[in-house]
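Topology and contacts: notes
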Amino acid sequence: MKKLVVIALAAICALSLFGCDNSSKEEKTEGDTLVMATNAEFPPYEYYEGSDIIGIDADIMTEVANELGMTLKIEDMAFDSIIAAVKSGKADVGVAGMTITEDRQASVDFSDPYTTARQVVILKDGSEIKTVDDLEGKTIGVQLGTTGDIYAGDVEGATIERYNKGYEAVQALLQGKVDCVIIDNEPAKVFVSQNEGIYILDEDFALEEYAIAVDKGNTELLTKINDALAKLKDSGKLQEIIDKYISAE
Ligand code: ARG
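Residues numbered from 1 in each chain as written. Predicted model: local features only at pLDDT ≥ 70, side-chain atom pairs only at ≥ 80, totals over all residues. Heavy atoms only, no water.

Topic: the side chain of serine 111
Take serine 111: it is sitting in the loop between β7 (108–110) and β8 (115–124). Serine 111 sits in the buried class, given a relative accessible area of 4%. If we skip the residues at most four places from it in the chain, serine 111 touches Ile100, Ala211, Ile212, Leu222, Ile225, Asn226 and Leu229. (Helix = DSSP H or I, 4+ residues; strand = E, 2+ residues; numbered from the N terminus. Buried < 20%, exposed > 50% of the residue type's maximum accessible area, 1.4 Å probe, protein only. Contact = heavy atoms within 4.5 Å.)

See the structure below:
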(Lines give C-alpha, C1' and ligand atoms only; values in the text may rest on other atoms or scores of the structure.)
Protein backbone atom coordinates (compact mmCIF):
# COMPACT_ATOMS: atom_id res chain seq x y z
CA MET A 1 0.00 0.00 0.00
CA LYS A 2 2.71 2.45 1.06
CA LYS A 3 4.67 1.61 -2.02
CA LEU A 4 1.70 2.43 -4.25
CA VAL A 5 1.26 5.84 -2.65
CA VAL A 6 4.92 6.61 -3.18
CA ILE A 7 4.69 5.63 -6.82
CA ALA A 8 1.53 7.69 -7.25
CA LEU A 9 3.20 10.71 -5.63
CA ALA A 10 6.22 10.29 -7.82
CA ALA A 11 3.99 10.16 -10.86
CA ILE A 12 2.13 13.33 -9.85
CA CYS A 13 5.44 15.07 -9.23
CA ALA A 14 6.80 14.01 -12.57
CA LEU A 15 3.64 15.15 -14.31
CA SER A 16 3.61 18.52 -12.61
CA LEU A 17 7.29 19.03 -13.26
CA PHE A 18 6.73 18.25 -16.89
CA GLY A 19 3.80 20.64 -16.95
CA CYS A 20 5.84 23.37 -15.37
CA ASP A 21 8.67 22.91 -17.80
CA ASN A 22 6.29 23.03 -20.70
CA SER A 23 4.62 26.25 -19.69
CA SER A 24 7.91 28.00 -19.07
CA LYS A 25 8.96 27.02 -22.59
CA GLU A 26 5.81 28.55 -23.99
CA GLU A 27 6.43 31.76 -22.08
CA LYS A 28 9.85 32.02 -23.67
CA THR A 29 8.42 31.91 -27.19
CA GLU A 30 8.15 35.46 -28.45
CA GLY A 31 5.07 36.39 -30.42
CA ASP A 32 3.67 34.28 -33.22
CA THR A 33 5.05 31.88 -35.72
CA LEU A 34 5.86 32.99 -39.25
CA VAL A 35 5.24 30.04 -41.54
CA MET A 36 7.41 29.97 -44.66
CA ALA A 37 6.48 27.70 -47.56
CA THR A 38 9.45 26.59 -49.62
CA ASN A 39 10.80 23.81 -51.82
CA ALA A 40 14.05 22.72 -50.20
CA GLU A 41 15.63 21.27 -53.35
CA PHE A 42 17.29 24.43 -54.41
CA PRO A 43 20.81 24.97 -53.11
CA PRO A 44 22.17 27.45 -52.06
CA TYR A 45 18.78 29.09 -51.36
CA GLU A 46 17.08 26.20 -49.55
CA TYR A 47 18.27 22.65 -49.07
CA TYR A 48 18.61 19.97 -46.44
CA GLU A 49 21.58 19.56 -44.19
CA GLY A 50 20.62 16.44 -42.27
CA SER A 51 17.04 17.11 -41.23
CA ASP A 52 17.48 20.91 -41.17
CA ILE A 53 16.54 23.20 -44.02
CA ILE A 54 19.27 25.77 -44.47
CA GLY A 55 20.34 28.26 -47.13
CA ILE A 56 20.12 31.92 -48.10
CA ASP A 57 16.30 32.07 -47.94
CA ALA A 58 16.15 30.26 -44.60
CA ASP A 59 18.75 32.62 -43.11
CA ILE A 60 17.12 35.76 -44.51
CA MET A 61 13.73 34.69 -43.17
CA THR A 62 15.16 33.85 -39.75
CA GLU A 63 16.40 37.45 -39.60
CA VAL A 64 13.12 38.85 -40.94
CA ALA A 65 11.12 36.83 -38.39
CA ASN A 66 13.43 38.15 -35.67
CA GLU A 67 12.75 41.71 -36.76
CA LEU A 68 9.02 40.96 -36.60
CA GLY A 69 9.34 39.39 -33.14
CA MET A 70 8.20 36.08 -34.60
CA THR A 71 9.55 32.55 -34.76
CA LEU A 72 10.21 31.07 -38.19
CA LYS A 73 8.72 27.72 -39.17
CA ILE A 74 9.68 26.26 -42.54
CA GLU A 75 7.28 24.02 -44.47
CA ASP A 76 8.81 22.05 -47.35
CA MET A 77 6.55 21.29 -50.31
CA ALA A 78 6.49 21.00 -54.10
CA PHE A 79 7.48 24.29 -55.75
CA ASP A 80 4.19 24.58 -57.58
CA SER A 81 2.22 24.25 -54.30
CA ILE A 82 3.85 27.26 -52.64
CA ILE A 83 1.56 29.97 -54.02
CA ALA A 84 -1.54 27.92 -53.14
CA ALA A 85 -0.20 27.47 -49.59
CA VAL A 86 0.24 31.23 -49.24
CA LYS A 87 -3.20 31.91 -50.68
CA SER A 88 -4.95 29.39 -48.42
CA GLY A 89 -3.24 30.74 -45.30
CA LYS A 90 -1.39 27.45 -44.76
CA ALA A 91 1.74 29.58 -44.96
CA ASP A 92 2.29 33.29 -44.31
CA VAL A 93 5.06 33.68 -46.85
CA GLY A 94 6.44 31.87 -49.88
CA VAL A 95 10.23 32.09 -50.05
CA ALA A 96 11.89 29.79 -52.53
CA GLY A 97 14.20 31.70 -54.82
CA MET A 98 10.89 32.78 -56.27
CA THR A 99 11.04 35.07 -59.25
CA ILE A 100 8.67 38.02 -59.50
CA THR A 101 6.45 37.38 -62.54
CA GLU A 102 3.31 39.13 -63.75
CA ASP A 103 1.38 35.87 -63.67
CA ARG A 104 2.23 35.26 -60.02
CA GLN A 105 1.43 38.87 -59.18
CA ALA A 106 -2.16 38.10 -60.09
CA SER A 107 -2.41 35.81 -57.05
CA VAL A 108 0.24 37.03 -54.58
CA ASP A 109 2.02 40.24 -53.67
CA PHE A 110 5.81 40.35 -53.73
CA SER A 111 8.16 42.14 -51.36
CA ASP A 112 10.98 44.30 -52.65
CA PRO A 113 13.49 42.02 -54.40
CA TYR A 114 16.28 40.68 -52.20
CA THR A 115 18.54 39.47 -55.00
CA THR A 116 18.89 39.22 -58.76
CA ALA A 117 19.32 35.92 -60.54
CA ARG A 118 19.74 34.48 -64.02
CA GLN A 119 18.21 31.57 -65.85
CA VAL A 120 20.99 29.56 -67.41
CA VAL A 121 21.31 26.52 -69.63
CA ILE A 122 23.13 23.41 -68.41
CA LEU A 123 24.63 21.21 -71.13
CA LYS A 124 26.38 17.89 -71.39
CA ASP A 125 30.02 17.85 -72.51
CA GLY A 126 30.23 17.73 -76.31
CA SER A 127 26.83 19.36 -76.77
CA GLU A 128 26.13 20.88 -80.16
CA ILE A 129 24.24 23.73 -78.45
CA LYS A 130 26.47 26.82 -78.61
CA THR A 131 23.95 29.65 -78.12
CA VAL A 132 20.49 30.09 -76.66
CA ASP A 133 19.09 30.10 -80.24
CA ASP A 134 20.34 26.54 -80.69
CA LEU A 135 17.72 25.35 -78.17
CA GLU A 136 15.14 25.38 -80.97
CA GLY A 137 13.62 21.96 -81.46
CA LYS A 138 15.58 20.47 -78.55
CA THR A 139 14.35 18.54 -75.50
CA ILE A 140 14.56 20.80 -72.46
CA GLY A 141 14.47 19.61 -68.86
CA VAL A 142 12.99 21.95 -66.23
CA GLN A 143 11.56 21.97 -62.72
CA LEU A 144 7.77 21.96 -62.91
CA GLY A 145 6.17 25.36 -62.48
CA THR A 146 9.40 27.37 -62.43
CA THR A 147 10.31 30.26 -64.69
CA GLY A 148 12.63 27.83 -66.49
CA ASP A 149 9.49 25.85 -67.34
CA ILE A 150 7.74 29.02 -68.58
CA TYR A 151 10.72 30.17 -70.70
CA ALA A 152 11.16 26.73 -72.21
CA GLY A 153 7.60 27.09 -73.48
CA ASP A 154 8.72 30.03 -75.63
CA VAL A 155 11.39 28.02 -77.45
CA GLU A 156 10.27 27.08 -81.00
CA GLY A 157 9.61 23.41 -81.48
CA ALA A 158 11.05 22.40 -78.13
CA THR A 159 9.87 19.39 -76.14
CA ILE A 160 9.65 20.14 -72.43
CA GLU A 161 10.32 17.47 -69.82
CA ARG A 162 9.09 18.60 -66.39
CA TYR A 163 10.52 17.23 -63.15
CA ASN A 164 9.45 17.77 -59.54
CA LYS A 165 12.98 18.67 -58.52
CA GLY A 166 15.60 20.66 -60.40
CA TYR A 167 18.13 17.98 -59.62
CA GLU A 168 15.99 15.35 -61.34
CA ALA A 169 16.19 17.42 -64.54
CA VAL A 170 19.99 17.46 -64.16
CA GLN A 171 20.02 13.69 -63.73
CA ALA A 172 17.95 13.35 -66.89
CA LEU A 173 20.60 15.43 -68.69
CA LEU A 174 23.37 13.18 -67.37
CA GLN A 175 21.42 10.16 -68.62
CA GLY A 176 20.93 11.74 -72.05
CA LYS A 177 17.14 11.94 -71.68
CA VAL A 178 17.13 15.70 -72.31
CA ASP A 179 19.46 17.93 -74.35
CA CYS A 180 19.71 20.68 -71.76
CA VAL A 181 18.27 22.04 -68.52
CA ILE A 182 17.03 25.59 -67.95
CA ILE A 183 17.41 26.53 -64.30
CA ASP A 184 18.56 29.34 -62.01
CA ASN A 185 22.29 30.12 -62.05
CA GLU A 186 23.23 29.42 -58.45
CA PRO A 187 21.57 25.98 -58.19
CA ALA A 188 23.05 25.30 -61.65
CA LYS A 189 26.53 26.03 -60.30
CA VAL A 190 25.96 23.69 -57.35
CA PHE A 191 24.63 20.85 -59.54
CA VAL A 192 27.43 21.24 -62.09
CA SER A 193 30.06 21.22 -59.33
CA GLN A 194 28.59 17.98 -57.98
CA ASN A 195 28.66 16.13 -61.31
CA GLU A 196 31.25 15.36 -63.95
CA GLY A 197 30.51 15.95 -67.61
CA ILE A 198 28.12 18.91 -67.55
CA TYR A 199 28.68 22.66 -67.84
CA ILE A 200 26.82 25.97 -68.00
CA LEU A 201 26.35 27.75 -71.35
CA ASP A 202 28.09 31.16 -71.40
CA GLU A 203 25.01 32.96 -72.65
CA ASP A 204 22.29 33.62 -70.03
CA PHE A 205 18.72 32.81 -70.83
CA ALA A 206 17.03 35.52 -68.77
CA LEU A 207 17.50 37.93 -65.86
CA GLU A 208 15.15 37.91 -62.91
CA GLU A 209 14.59 39.09 -59.35
CA TYR A 210 13.72 37.00 -56.30
CA ALA A 211 11.25 38.24 -53.70
CA ILE A 212 9.09 37.10 -50.80
CA ALA A 213 5.47 36.30 -51.65
CA VAL A 214 2.57 37.11 -49.30
CA ASP A 215 -1.14 36.68 -49.91
CA LYS A 216 -2.63 39.29 -52.21
CA GLY A 217 -3.72 42.30 -50.20
CA ASN A 218 -1.82 41.41 -47.01
CA THR A 219 -0.23 44.86 -46.97
CA GLU A 220 0.31 44.80 -43.22
CA LEU A 221 2.69 41.83 -43.41
CA LEU A 222 4.21 43.05 -46.67
CA THR A 223 5.10 46.43 -45.18
CA LYS A 224 6.70 44.80 -42.15
CA ILE A 225 8.70 42.46 -44.37
CA ASN A 226 9.88 45.29 -46.61
CA ASP A 227 10.95 47.29 -43.56
CA ALA A 228 12.85 44.29 -42.20
CA LEU A 229 14.49 43.68 -45.61
CA ALA A 230 15.54 47.33 -45.82
CA LYS A 231 17.18 47.04 -42.42
CA LEU A 232 19.00 43.86 -43.45
CA LYS A 233 20.22 45.58 -46.62
CA ASP A 234 21.39 48.70 -44.78
CA SER A 235 23.20 46.81 -42.04
CA GLY A 236 25.04 44.63 -44.55
CA LYS A 237 23.47 41.51 -43.00
CA LEU A 238 21.76 40.53 -46.26
CA GLN A 239 25.03 40.60 -48.20
CA GLU A 240 26.70 38.71 -45.37
CA ILE A 241 24.13 35.91 -45.67
CA ILE A 242 24.54 35.74 -49.46
CA ASP A 243 28.34 35.67 -49.12
CA LYS A 244 28.10 32.86 -46.58
CA TYR A 245 26.55 30.58 -49.22
CA ILE A 246 27.92 31.95 -52.50
CA SER A 247 31.63 32.37 -52.93
CA ALA A 248 32.76 35.24 -55.14
CA GLU A 249 33.62 34.29 -58.72
N1 ARG B 1 13.36 31.21 -59.77
C2 ARG B 1 12.56 30.18 -60.32
C3 ARG B 1 11.11 30.52 -60.19
O4 ARG B 1 10.73 31.35 -59.44
C5 ARG B 1 12.83 28.83 -59.72
C6 ARG B 1 12.63 28.74 -58.24
C7 ARG B 1 12.68 27.32 -57.73
N8 ARG B 1 12.79 27.32 -56.33
C9 ARG B 1 12.82 26.21 -55.53
N10 ARG B 1 12.96 26.38 -54.26
N11 ARG B 1 12.73 25.04 -56.05
O12 ARG B 1 10.28 29.93 -60.85
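Some thoughts on the site of the ligand
Taken together, 15 residues surround the ligand, and among them Asn39, Ala96, Arg104, Thr147 and Asp184 come closest. In the environment of the ligand, a nitrogen atom lies 2.7 Å from a nitrogen or oxygen atom belonging to the backbone of alanine 96. Interatomic distance of 2.8 Å between a side-chain N/O atom of threonine 99 and a nitrogen atom of the ligand. Against a free-state accessible area of 340 Å², the protein chains account for coverage of 100% of the ligand. When grouped by side-chain class, the residues that make up the shell around the ligand number 5 nonpolar, 6 polar and 4 charged. (Near = heavy atom within 4 Å. Polar contact = N/O pair within 3.5 Å; in protein donor to acceptor, adjacent residues only side chain to side chain. Areas by Shrake-Rupley, 256 points an atom, 1.4 Å probe, with all protein chains shown as cover. Nonpolar A, V, L, I, M, F, W, Y, C, P; charged D, E, K, R; others polar.)

Brief notes about the packing of aromatic side chains
Evaluated as defined, the whole model comprises 6 aromatic pairs. Their ring planes at 80° and their centres at 5.1 Å tell us that tyrosine 45 and tyrosine 210 sit as a pair that is edge-to-face. Of this pair, tyrosine 45 sits in the loop between β2 (41–42) and β3 (46–49) while tyrosine 210 sits in strand β13 (residues 206–210), and the two are 165 residues apart along the sequence. The pair formed by tyrosine 45 and tyrosine 210 is uniform in burial state, with each residue classed as buried. (Phe/Tyr/Trp six-rings, centres within 6.5 Å; stacked < 30°, edge-to-face > 60°.)

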